[in-house]
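Analysis of the macromolecular model
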Amino acid sequence: MFQYIFLGTSASAPSVHRGLAAQMVLHDEYRFLIDCGEGTQRQIMQSGIGFKRLNRILITHGHLDHILGLAGILSTFSRWETIDFLEIFAGKIALERIHDLLYTVVLRGARPAMKITFQAVQPGTIFETDDFSVSAFPVFHRGSDSFGYLFAEKPRRPFLPEKANELGIPPGPWRRDLVNGLPVHLPDGRSIMPDDVLGPQRPGTRLVHVGDVGRTESLIEVCQDADLLVMEATYLEEEAEMAQEFSHMTAHKAASLALQAGVKNLVLTHISRRYRERDVVAEAKAVFPEAIVARDFDAFQVRRGEFTRMEWKEE
Ligand SMILES: [Zn+2]
Ligand SMILES: [Zn+2]
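Residues numbered from 1 in each chain as written. Chains lettered and ligands numbered in written order. Predicted model: local features only at pLDDT ≥ 70, side-chain atom pairs only at ≥ 80, totals over all residues. Heavy atoms only, no water.

With that settled, the discussion passes to the sheet that holds strand E8 (residues 132–139). Strand order across the open sheet formed by seven strands is E7-E8-E9-E12-E13-E14-E15, with mixed pairing between neighbours. Here the strands that pair on one side only, and so sit at the sheet edges, are strand E7 (124–128) and strand E15 (292–293). Bridge analysis of E8 against strand E9 (residues 146–153) gives eight bridges, and the strand direction is antiparallel. Each bridged residue has a counterpart across the sheet, and for Val-134 the counterpart in E9 is Phe-151. (Pairing = 2+ DSSP bridges. Helix = DSSP H or I, 4+ residues; strand = E, 2+ residues; numbered from the N terminus.)

Structure (structure tokens):
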């Protein structure tokens, strides 16, 4: 299960109601900030999520509306020392710009309060645990070096408690080992195999984040059947030419990708001040009826076959 929180949903410049690009993906104890536009630290505070475990930041590309907030966050972290390491993932060119921002502008020779690692992103897996992975894929946007990110739970076989009860397997470590695919020997001498208590394999939840993007052809495969696609929609179709010129999506094109790839849910962000929100919603819904246009602090829970709006509560 993933949680996805929109911290900033505006394109290029902030508006009264929308901060600049930033969103957070949470999975168990892991947190990933995706992009960090100017003002993100205040959005994080206002959202109630806080800065705890904010150790990993994934950047889609190096345009200023997606990275300027890193300077403020580093400056604040230097005083509070709330985390002990920070990993920044981005394409090589974006990383150079971020490095300049942090080391030349913010730190100017001072030592950072925490260990900062710059991870140059290549297509493929960039982070992995036992039960999920994060991978990067190339995205076409002005210049090269833009990436989208796929969060994917690994497929798993569900534990069937009724089978375990039938077999008289007592609660405790035996059940845990079986869940983890290990055969167990019960105190009464019987051996139980994982196959006896696990159901057929089920695919894991998949969540795709695409930042600024001008073309969608190459994205169909990675988006195929995703439980959630989050994508920019800076323009409306009436200005499709301008969208193309600046290498951005129209709401119509983003929704068309969602439809073509058979995604289950679509949330649009990176919304321009030039349009009324309801016009963006209408254009997207005409193609993909379930489409949602995100507002700052919208939060969703994404589980295979389940997509629910949630109130963020700090544990
Ligand atoms: Zn942007
Ligand atoms: Zn951009």
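The subject of this paragraph is the coordination of the zinc ion (ligand 2). In this structure, His-61 (NE2), His-63 (ND1), His-141 (NE2) and Asp-212 (OD) serve as the protein donors to the zinc ion (ligand 2), at separations of 2.1 to 2.3 Å. One can describe the donor arrangement at the zinc ion (ligand 2) as irregular, given that its four donor atoms subtend angles of 87 to 169° at the metal. Spacing between the donor residues of the zinc ion (ligand 2) along their common chain follows H-x1-H-x77-H-x70-D. For His-141, a relative accessible area of 0% corresponds to the buried category. (Donors = N, O, S within 2.8 Å, 3.2 Å for Na, K, Ca; no water. Tetrahedral: all angles 85-135°; square planar, octahedral: opposite > 155°, others 65-115°. Buried < 20%, exposed > 50% of the residue type's maximum accessible area, 1.4 Å probe, protein only.)

With that settled, the discussion passes to unusual backbone geometry. Phi at Ser-12 is positive, roughly 65°, even though this residue is not glycine. Among the secondary structure elements, Ser-12 is positioned in the loop between strand E1 (2–8) and strand E2 (22–27). Accessibility expressed as a relative area gives 53% for Ser-12, which makes it exposed.

Before going further, it helps to spend a moment on helix H10 (residues 277–287). The complete set of buried residues in H10 reads Val-280, Glu-283, Ala-284 and Val-287. Considered in projection along H10, the buried side chains sweep an arc of 90° and stay on one side of the axis. Exposed positions of H10 whose direction lies more than 90 degrees from the buried face are Arg-278 and Ala-286. Tucked inside the fold, the buried residues of H10 contact helix H9 (251–261), strand E14 (266–269) and E15. (Arc of directions from axis to C-beta. Contact = heavy atoms within 4.5 Å.)

Now for the coordination of the zinc ion (ligand 1). Taken together, the protein donors to the zinc ion (ligand 1) comprise Asp-65 (OD), His-66 (NE2), Asp-212 (OD) and His-270 (NE2), at separations of 2.1 to 2.2 Å. With four donor atoms in place around the zinc ion (ligand 1) and angles of 90 to 163° between them, the coordination shape is irregular. Separating the zinc ion (ligand 1) and the zinc ion (ligand 2) is a distance of 3.6 Å, and Asp-212 donates to both of them. The class of His-66 is buried, set by a relative accessible area of 1%.

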